Amino acid sequence: RTDQGIVGLGEACPFPPITGETQATNAAAAISIRDMLVGKDPLAIDALLREIGPLVHSNPSAVAAFDMALHDILGKVAGLPLFRLLGGTKNTFETDITTSLDTLENMTAESKKYADMGYKTLKVKVGLDPDEDFARLSAIRAAVGRGVAIRIDANQGWTVPQAVYALRKMEPLAIQFCEQPVLASDTAGLKAVRSQSPIAIMADEALFGPADAIKLIRAEACDTFNIKVMKAGGLLNSIRIAHIADAANMRCMVGCMLESKLALTAAAHVVASQANIVYADLDGNSEHVADPIIDGITVEAGVLTLPEKPGLGCDVDPAFLKILRKI
Ligand code: MG
């Protein structure tokens, strides 16, 4: 809340298996960040984030929440939807929806359901036994037909030989790209897979901030990036990654953790503002029991539309806030 009464909203969605953060570490980091921000100019976003970053560099989601709130304030001060302020022109784009690992029958039924709902792009989880992954993917392709794009995500699940074997076998299934086939720390392995794979390779868990983008590009380890606001530590760093990728003639996706519509809307502003972000995977709240966010993005049959309100264009349901614990 600024001294002019402008409120900026942000969300941290820590996902321990990926970023090593927890709700408790994020909350502790948030108190440190709050103490640092009080009395400062909220529009000096770059300078503020340079101070915050080193303070809590291992809590990128906590930083992301404040970066998001600062950008919300910026947009509200400017009187512009954030994506327009950032130079974007498209207010609508396509997002995929994810089919999680399950039995062949369940994954096929779920994928078919999404295709019937009108989704044009599915993201399917793989990364177990390569032959079983292939069998599941073949059944899904047969069920949804060739008119639906399929991208896959191995979530670091394969070894290098498994990944090369699986991706070569999957070539006839017309797979758009494969996210993170091998361990995030194995840059040489990622490069080895990329050099032998007929399917494009996307770095996800291997890519947190802009420095990782430089490292992966230098290593020629991947074809595309999956940028996530929570990994990058906010919108500013997400945009920096997109710019680095653009200079390397690389296209990007923006993905998400299991976020509410607040952080998903923030991520959507990033997508809409950058021409080289051509893929979106913003379905983090699809299985939430409730989403406490008013307004923000709408998603109809895989078509995402941004709000035309100043800033992020979201609010939190006050009734929901009442039932939360205040830290
Ligand atoms: Mg992924």
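Just so it is clear, the structure is predicted and the values come from calculations on it, not from any experiment. (Residues numbered from 1 in each chain as written. Predicted model: local features only at pLDDT ≥ 70, side-chain atom pairs only at ≥ 80, totals over all residues. Heavy atoms only, no water.)

## Regarding the nonpolar core
- Core analysis: the largest hydrophobic core is formed by 78 residues, its most contacted members being Phe 93, Ile 152, Trp 158, Met 170, Leu 216, Phe 225 and Leu 282.
- Tallying contributions element by element places helix α13 (residues 261-273) first for this core, with nine residues.
- Beyond its immediate stretch of four places on either side in the chain, Met 170 contacts Asp 133, Phe 134, Leu 137, Ile 152, Trp 158, Ile 175 and Ile 199.
- In this structure, Met 36, Leu 37, Ile 45 and Leu 236 belong to the second largest nonpolar core, which totals 14 residues. (Core = buried A, V, L, I, M, F, W, Y, C linked by side-chain atoms within 4.5 Å. Buried < 20%, exposed > 50% of the residue type's maximum accessible area, 1.4 Å probe, protein only. Helix = DSSP H or I, 4+ residues; strand = E, 2+ residues; numbered from the N terminus. Contact = heavy atoms within 4.5 Å.)

## Brief notes about the coordination of the magnesium ion
- Coordination of the magnesium ion by the protein is provided by Asp 153 (OD), Glu 179 (OE) and Asp 204 (OD), with metal-donor distances spanning 2.0 to 2.3 Å.
- In the primary structure, the donors to the magnesium ion are separated according to the pattern D-x25-E-x24-D. One end of the pair, Glu 179, is in strand β5 (residues 175-179); the other, Asp 204, is in the loop between β6 (201-203) and α10 (210-219), and 25 residues separate them in sequence. With respect to class, Glu 179 is no different from Asp 204; both count as buried. (Donors = N, O, S within 2.8 Å, 3.2 Å for Na, K, Ca; no water.)

## As for the layout of surface pockets
- Roughly 2,200 Å³ of internal volume is contained in the largest pocket.
- In terms of lining residues, the largest pocket is bounded by 49 residues, among which Gly 10, Glu 11, Ala 30, Ala 65 and Phe 66 are the most central.
- Going through the elements one at a time, α2 (23-37), α4 (60-78), β13 (314-316) and α14 (318-322) are the ones with two or more residues in the lining of the largest pocket.
- For the lining of the largest pocket, the residue count by class is 30 nonpolar, nine polar and ten charged.
- Here the second largest pocket defines a volume of roughly 480 Å³.
- If you trace the second largest pocket, you find 24 residues lining it, with Phe 15, Thr 98, Lys 125, Cys 256 and Leu 258 closest to the centre.
- When residues of the lining of the second largest pocket are traced back to their parent elements, those giving at least two are α1 (16-19), α6 (104-117) and β3 (121-125). (1 Å grid on protein atoms, 1.4 Å probe; cavity = no way out; pocket = protein on both sides within 12 Å on 5 of 7 lines; lining within 4 Å. Points joined across faces, edges and corners; volume = space filled by probe spheres on them. Nonpolar A, V, L, I, M, F, W, Y, C, P; charged D, E, K, R; others polar.)

## What about the pattern of salt bridges?
- Applying the stated criterion across every chain yields a total of 18 salt bridges.
- In this structure, the salt-bridge partner of Asp 281 is Lys 123, at a minimum N-O distance of 2.7 Å. With Asp 281 in the loop between β9 (277-280) and β10 (293-295) and Lys 123 in strand β3, the pair connects residues that are 158 residues apart, well separated along the chain.
- When its relative accessible area of 2% is taken as the criterion, Asp 281 is described as buried.
- Among the charged side chains, a network of salt bridges with common partners joins Lys 123, Lys 125, Asp 153, Glu 179 and Asp 281. (Salt bridge = Lys/Arg side-chain N within 4 Å of Asp/Glu carboxyl O.)

## Considering the pairing of strand β4 (residues 149-153)
- Counting buried positions along β4 gives four out of five residues, so the element sits mostly inside the fold.
- One ladder, built from five bridges, connects β3 with β4; its direction is parallel. Looking across to β4, one finds that Val 124 is bridged to Ile 152.
- You can see the chain leave β3, run along helix α7 (residues 130-144) and come back into β4, and the turn it takes is right-handed.
- With helix α8 (residues 160-169) bridging β4 and its parallel neighbour β5, the resulting β-α-β unit is right-handed. (Pairing = 2+ DSSP bridges. Right-handed = clockwise from strand over helix to strand, strands pointing away.)

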